Number of protein chains: 4
Amino acid sequence: MKALVYQGPGAISWEEKPKPLIKEPTDSIIRILKTTICGTDLHIRKGDLPDVKEGTILGHEGVGIIEEVGSSVINFKKGDHVLISCITSCGKCEYCKMAMYSHCEKGGWILGNLIDGCQAEYVRIPFADNSLYPIPAGADEEALVMLSDILPTGFECGVLNGQVKPGDTIAIVGAGPIGMAALLTSQFYSPAVIIMIDMDDNRLNVAKTFGATHIINSSKENALEKVMSITNNKGVDTAIEAVGVPATFELCETLVGAGGHLANIGVHGKSVVLHMETLWSRNITITTRLVDTSTTPMLYKIVQSGKIDPKKLITHRFKLDQIIEAYDTFGNAGKEKALKVILNNEIK
Amino acid sequence: MKALVYQGPGAISWEEKPKPLIKEPTDSIIRILKTTICGTDLHIRKGDLPDVKEGTILGHEGVGIIEEVGSSVINFKKGDHVLISCITSCGKCEYCKMAMYSHCEKGGWILGNLIDGCQAEYVRIPFADNSLYPIPAGADEEALVMLSDILPTGFECGVLNGQVKPGDTIAIVGAGPIGMAALLTSQFYSPAVIIMIDMDDNRLNVAKTFGATHIINSSKENALEKVMSITNNKGVDTAIEAVGVPATFELCETLVGAGGHLANIGVHGKSVVLHMETLWSRNITITTRLVDTSTTPMLYKIVQSGKIDPKKLITHRFKLDQIIEAYDTFGNAGKEKALKVILNNEIK
Amino acid sequence: MKALVYQGPGAISWEEKPKPLIKEPTDSIIRILKTTICGTDLHIRKGDLPDVKEGTILGHEGVGIIEEVGSSVINFKKGDHVLISCITSCGKCEYCKMAMYSHCEKGGWILGNLIDGCQAEYVRIPFADNSLYPIPAGADEEALVMLSDILPTGFECGVLNGQVKPGDTIAIVGAGPIGMAALLTSQFYSPAVIIMIDMDDNRLNVAKTFGATHIINSSKENALEKVMSITNNKGVDTAIEAVGVPATFELCETLVGAGGHLANIGVHGKSVVLHMETLWSRNITITTRLVDTSTTPMLYKIVQSGKIDPKKLITHRFKLDQIIEAYDTFGNAGKEKALKVILNNEIK
Amino acid sequence: MKALVYQGPGAISWEEKPKPLIKEPTDSIIRILKTTICGTDLHIRKGDLPDVKEGTILGHEGVGIIEEVGSSVINFKKGDHVLISCITSCGKCEYCKMAMYSHCEKGGWILGNLIDGCQAEYVRIPFADNSLYPIPAGADEEALVMLSDILPTGFECGVLNGQVKPGDTIAIVGAGPIGMAALLTSQFYSPAVIIMIDMDDNRLNVAKTFGATHIINSSKENALEKVMSITNNKGVDTAIEAVGVPATFELCETLVGAGGHLANIGVHGKSVVLHMETLWSRNITITTRLVDTSTTPMLYKIVQSGKIDPKKLITHRFKLDQIIEAYDTFGNAGKEKALKVILNNEIK
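Let me begin by describing the structure that accompanies this report. (Residues numbered from 1 in each chain as written. Chains lettered and ligands numbered in written order. Predicted model: local features only at pLDDT ≥ 70, side-chain atom pairs only at ≥ 80, totals over all residues. Heavy atoms only, no water.)

The next point concerns the interface of chain A and chain C. Facing 14 residues of chain A, the contacting portion of chain C comprises 14 residues. Buried surface at the junction of chain A and chain C, summed over both partners, amounts to about 1,300 Å²; 65% is from carbon and sulfur atoms. In terms of surface lost to chain C, no three residues of chain A exceed Pro166(A), Ser190(A) and Lys307(A), which account for 34% of the buried area on that side. Where chain A touches chain C, the interface holds 0 salt bridges. (Contact = heavy atoms within 4.5 Å. Buried area = accessible area lost by both parts, 1.4 Å probe. Salt bridge = Lys/Arg side-chain N within 4 Å of Asp/Glu carboxyl O.)

Attention now goes to the pattern of salt bridges. When charged atoms on two side chains of opposite charge get close, those side chains can pair. Overall, the coordinates contain 64 salt bridges over all chains when judged by the stated rule. Of the charged contacts in the structure, one is a salt bridge between Lys19(B) and Glu67(B), with a shortest N-O distance of 3.3 Å. With Lys19(B) in the loop between strand S2 (12-16) and strand S3 (28-36) and Glu67(B) in strand S4 (residues 62-69), this pair connects stretches of sequence that are 48 residues apart. Residue classification places Lys19(B) among the partly exposed residues on the basis of a relative accessible area of 39%. In this structure, the salt-bridge partner of Asp129(B) is Lys92(C), at a minimum N-O distance of 2.7 Å. With Asp129(B) in helix H3 (residues 128-131) and Lys92(C) in the loop between strand S5 (81-84) and helix H2 (94-97), this residue pair bridges two chains. Salt bridges here are not isolated pairs; linked through shared partners, they connect Glu94(A), Glu105(A) and Lys234(B). (Helix = DSSP H or I, 4+ residues; strand = E, 2+ residues; numbered from the N terminus. Buried < 20%, exposed > 50% of the residue type's maximum accessible area, 1.4 Å probe, protein only.)

Attention now goes to the interface of chain B and chain A. Contacts between the two partners involve 36 residues from chain B, matched on the other side by 36 residues from chain A. The contact between chain B and chain A buries some 2,900 Å² in all, and 59% of this surface belongs to carbon and sulfur atoms. Seen at the junction of chain B and chain A, the total is 4 salt bridges. The tally of links from chain B across to chain A stands at 21 residue pairs in polar contact (both at pLDDT 80 or more). Looking at the side of chain B that touches chain A residue by residue, the class counts come to 14 nonpolar, 14 polar and 8 charged. Inspection of the sheet shows strand S14 (residues 285-287) of chain A paired to strand S14 (residues 285-287) of chain B by 3 bridges, in the antiparallel sense. When the bridges of S14(B) are listed, Ile286(A) appears paired with Ile286(B). (Polar contact = N/O pair within 3.5 Å; in protein donor to acceptor, adjacent residues only side chain to side chain. Nonpolar A, V, L, I, M, F, W, Y, C, P; charged D, E, K, R; others polar. Pairing = 2+ DSSP bridges.)

Turning next to the pairing of strand S9 (residues 193-198) of chain B. Residues and elements named next belong to chain B. Most of S9 sits inside the fold, with 6 of its 6 residues counted as buried. By the alternation rule, side chains of S9 split into Val193, Ile195 and Ile197 and Ile194, Met196 and Asp198, which are all buried. With 5 bridges connecting them, strand S8 (residues 169-173) and S9 associate as parallel partners. What sits directly across from isoleucine 172, in S9, is methionine 196.

A word on the environment of Ser229(D). Here Ser229(D) shows up in helix H8 (residues 223-230). Put simply, Ser229(D) and Met199(D) are 30 residues apart on the chain and 19 Å apart in space, counted from C-alpha to C-alpha.

In this section: helix H7 (residues 201-209) of chain D. Residues and elements named next belong to chain D. Regarding H7, the residues found buried are Arg203, Leu204 and Ala207. The arc enclosing the buried residues of H7, seen along the axis, measures out at 100 degrees, which places them on a common side. In this structure, the buried side of H7 is in contact with helix H6 (177-186), strand S9 (193-198), strand S10 (214-217) and helix H13 (333-336). Two or three places before asparagine 202, at the opening of H7, aspartate 200 has a side-chain oxygen 2.8 Å from that residue's backbone nitrogen. Remark: glycine 211 follows H7 within two positions and exhibits a positive phi of approximately 120 degrees. (Arc of directions from axis to C-beta.)

On to the relation of the copies chain A and chain C, then. Rotating chain A by 180 degrees about the axis while translating it 0.0 Å along that axis superimposes it on chain C, leaving an RMSD of 0.0 Å. What we have between these two chains is a two-fold relation. Identified as the residue of chain A closest to the rotation axis by C-alpha distance is Tyr189(A), at 2.5 Å. (Least-squares fit on C-alpha atoms with pLDDT ≥ 70 in both.)

So, about the relation of the copies chain B and chain A. Each copy superposes on the other: chain B lies on chain A with an RMSD of 0.0 Å after a rotation of 180 degrees and an axial shift of 0.0 Å. Looking at the interface residues of chain B, 100% of them are also at the interface in chain A, so both copies use one shared face.

It is worth spelling out the sheet that holds strand S11 (residues 236-241) of chain D at this point. Taken in spatial order, the 12 strands of this open sheet run S10(C)-S9(C)-S8(C)-S11(C)-S12(C)-S14(C)-S14(D)-S12(D)-S11(D)-S8(D)-S9(D)-S10(D), and their pairing is mixed. Each edge of the open sheet is held by one strand with a lone partner, namely strand S10 (214-217) of chain C together with S10 of chain D. Strand-to-strand twist of the sheet, defined as the mean angle between neighbouring strand axes without regard to direction, takes the value 15 degrees. Bridging between strand S12 (residues 256-264) of chain C and strand S14 (residues 285-287) of chain C involves 3 bridges; their strand directions are parallel. From the neighbouring strand, Ala263(C) faces S14(C), where its bridge partner is Thr287(C). Helix H6 (residues 177-186) of chain C contacts strand S8 (169-173), strand S9 (193-198) and strand S11 (236-241) of chain C of the sheet and is inclined by roughly 175 degrees relative to S9(C). Contacts from helix H9 (residues 246-255) of chain C reach S8, S9, S11, S12 and S14 of chain C, with the element oriented near 155 degrees to S12(C). (Axes fitted to C-alpha atoms, helices over the stretch in contact; angles between N-to-C directions.)

Another aspect to go through is empty space enclosed by the protein. One pass over the structure, following the stated rule, counts 5 cavities of 30 Å³ or more. Reported here for the largest cavity is a volume of approximately 110 Å³. In this structure, the largest cavity is lined by 14 residues; those nearest its centre are Cys96(A), Lys97(A), Gly91(D), Cys96(D) and Lys97(D). Put simply, the parts of the chain that give the lining of the largest cavity at least two residues each are helix H2 (94-97) of chain A together with helix H2 (94-97) of chain D. A class-by-class count of the residues in the lining of the largest cavity yields 7 nonpolar, 5 polar and 2 charged. The calculated volume of the second largest cavity comes to roughly 70 Å³. (1 Å grid on protein atoms, 1.4 Å probe; cavity = no way out; pocket = protein on both sides within 12 Å on 5 of 7 lines; lining within 4 Å. Points joined across faces, edges and corners; volume = space filled by probe spheres on them.)

Given below as structure tokens:
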């Protein structure tokens, strides 16, 4: 089969690889129908994640059809349509029993990281019963690809951890795909004011069409001053960090009001300065989280109900064998006005 | 009357001051029976809190008897015995309605800070109905003085915010009075393992008699290594910071396990380094809080039931007019083996 | 002034009464701008509430303008526009400190019940600081009248107690004004499926325009069978009882799925049969509540944001001096297709 | 092997049965070390549970040693000591993912009910990875048998569902083994007052040694009046029903104060009268639950820490082949002063 393979820092290739095989009774083999590229994949391509070995097939998102299941798989059979979760869960360890699948002792984020991933014609998914979700044959597969990672990440790390409530005032720092996912899913809890902060006017304008009530271009305006003006100097109930650099985290520290929440989604490579000399007395809660995808069934139900259209996040579509071109487009998101790209496996 | 007055950095005096008067219909005047000295009072004496003006009477803890109440006070009358809360609450603002009294728009921590406090024969307590608690005439007043500040602080900022649960493994960094209050009140939730960390052997030995299951002298042992050994390298469910300096906060960052809580109690004067490069994916919750004293009624009930004896925290007793000596003893806590000191007003 | 006065079972009159006066320093006098009639007022007229004495002015909802405040009122002054809460809260008792204002030791539901109410040109509101909410002068007063009782009742007793979550399937039994308030406010939490059950086709059709995804006329269809068909025989996550008779409560017992919630809003006059022989093992939570109006500030923010239009609930408008006619219309709701009626005080 | 077999209403026998075999890759075979008899087993013997077929081996509690595991079991191997949960969990269905194992689509309470149980020399435990818990070889096995059912039942259905908090006043109706388990585990949350109500003086006296602060013999005293006297007419924060008949449930309805919780543990065979005419406005929460055993790991940790000694519940010990005698003793609990009986498998 063909697959997108990491070839060391800066290098990826679309090449022939052996079709994966069942190794454990809990495994499944999936034929990919649609997949996508995550911001993390760009970091891997750059060489930022040394755990990813040369030769690894990348990708941790997608929908597909079951080709084969191991002997102890009971929830799925050949031919079933499935949604692949970016997080693999054994369902049997201490963390899985707490629904903290991100820290599964035999799983967690391993797809396209420690084992071969989804940017291929076929993928082996371990612990199929706990790591795949059934979808109807005629479902809107593009929308559901957004449920593999981006929607649960924005929702769990940003919205749930940020404890967004009806009537709240929230700020989301970062209008990339993950910030947009937080923007869309925050509306499940009906905040009254949603302030989107970024440095890209195009993304901010898109955010407005997605439900942001205020937008701030922090390269042109003083974000702190503007937020304080909107909030009568109280600060926001919840500040969601969706970038992953010290400057945006520290901006969030200043935006959050007394009793408020700072929910981190961003993947950070460096430490940040935490201003405890002011925060110690402000009754603040700061949270971090690697997505658990424990809310995937909830998100699936709400997507099916039509209350949210995750396809809004899709800006580009490619055939799977155009994936190198897709990486270039997605890697140049500002210029290309890209949010999420869809890759269709049309190879039969 | 006599009172302990802040005279500028480094200077306090025991001197004659006018007896306080009712100013507002919600006020009360209390004759102090017992009061104590807080670590914060030592900081004020040093000059660390520039908001405290020269001439201010210090102190924010105590029990007493109502001398007089304003015209709209309905919960209390002359002669009632009362517990004074360190936090003043108007009961009418947005924050008070959320029980976040620490941020009361007309109150919060003002006693012995922005207005005259309790280290005196008499004190004016504003918003009496919401800032005082009734106690029976024959109650154990020494025990109840611990309810003015130290027990709710350890409980709310450390134990409640740290979400201590039955069976948990917790670490408390700092075995001073506040850390000890967290140690005592954490046991309301029956954690299985309580690790106390300090650099003073005497305090650690006292902690053991208060219920710590493990003690670590971090000046002699590697606290991180020892905690990891106790927890099978998982880290603790809750790390409680009860010192207020960068080193102890950053130690807590390393002690807390995936999915765990870091509950700050310490008053910090400097920023700390937050290692988001490791914490971003560890599902951690960090909390800060100025005590609200919203749990005072709960704590009162549990103290009355005999499940906890807060008098254990009291190491020294003085007459109120020996308060300068008491400051010296408390200010030299290590050498004097002091935790809390009680000052008795025997002046009639 | 003129007022609507209860004259004993079956009798009400619109008559001259003395204008109310300040009695306590915490009181306020309000000139009513708009008020409405509650289902409970119809019960009072019938004589169902023996606590209501002859001569009492009815009504517990409305917006108005402050005429005068007592000496200890600090949040309001003459001329302020205010929203009146149906629940009076002293802000100083054990229950008020828990935000359980319904059980306030000096308040609770007393307006138009134990003391004179809002269906008058003027009303005395005790404990003004805690029982009134400020509104801007130019606000949409008709919408805000819905915040006095009906929206917090539907929201607190039905939606919050029912723990409605994104993606949930819920059933609301009773499409009267309270059921409709639950329907509108449940959508703050984005349930996927909302099933409205009633016996009045007009109300069910209105419910559909308010966001119900399914409607069932239980006089024509088997509600239990239809709900089981919609839910794949699992039952609903939350069943909200908004009628107050045994048959509807017992219907809810059968609709709720394992692990689900039965949230009662209805005012019951009789006991019901609780089928513990089946429910004991089904992990069900049943809740009752008299509205606390603790969420009024939250609801106000969300109404101001435009996410909900409570004016949808208003079907009829009258001048205040037409209130007898308004009672007749509202008391004949089925035929008149009435939900809420607005009474405008045009008397200057 | 030998086993205790249900032979139809009123009849049980100790007889030879085939040793169980692995049927599914997720199965395990356990050699029983210790088991016990549950009140439910007495109901089965009587014929009250028609789902139990003649020929079924009874029992759903015990500790043992793994004899053999199926091919996909990863948490256990031959020779491991294990605690058997009364609830079987597949770990893969919708309910298991919510930790509501009681409603597992392939498990739940099946042991000694729908499949052969633990009152035998050997037992087959399906879904071993999710239904067994590892214990060290030298553990106190008698204490751990109490973790199979009785402690999690009292804790989850009574204490957790009843939301017992520090300082609370609680009442437990029924001082049988389950009520005693609620009594012991309620103390994990440090309630200030624990009132035990029963009609057996011996059990009440035992309850006092287990931590009850008040005892009421409801056959001699008016339980409602006495509880109201203890609680200043407020009623209790939590009433725990641990009997399972209408009279005790309805007593709990009257005991619970405004804002309180009524947590049902009892297995009910009849409907009860729910006095909604008084309860509708009292902000009450009523819960039902079949134990999920989701707290078994938490309870194991707290038992290991020595904070609770579940062996206190054991009043009688027998050899496994004396089980018929043990049933008679346990079935005559009042006269025999029996709480829990332990059966030791000494057959090698």
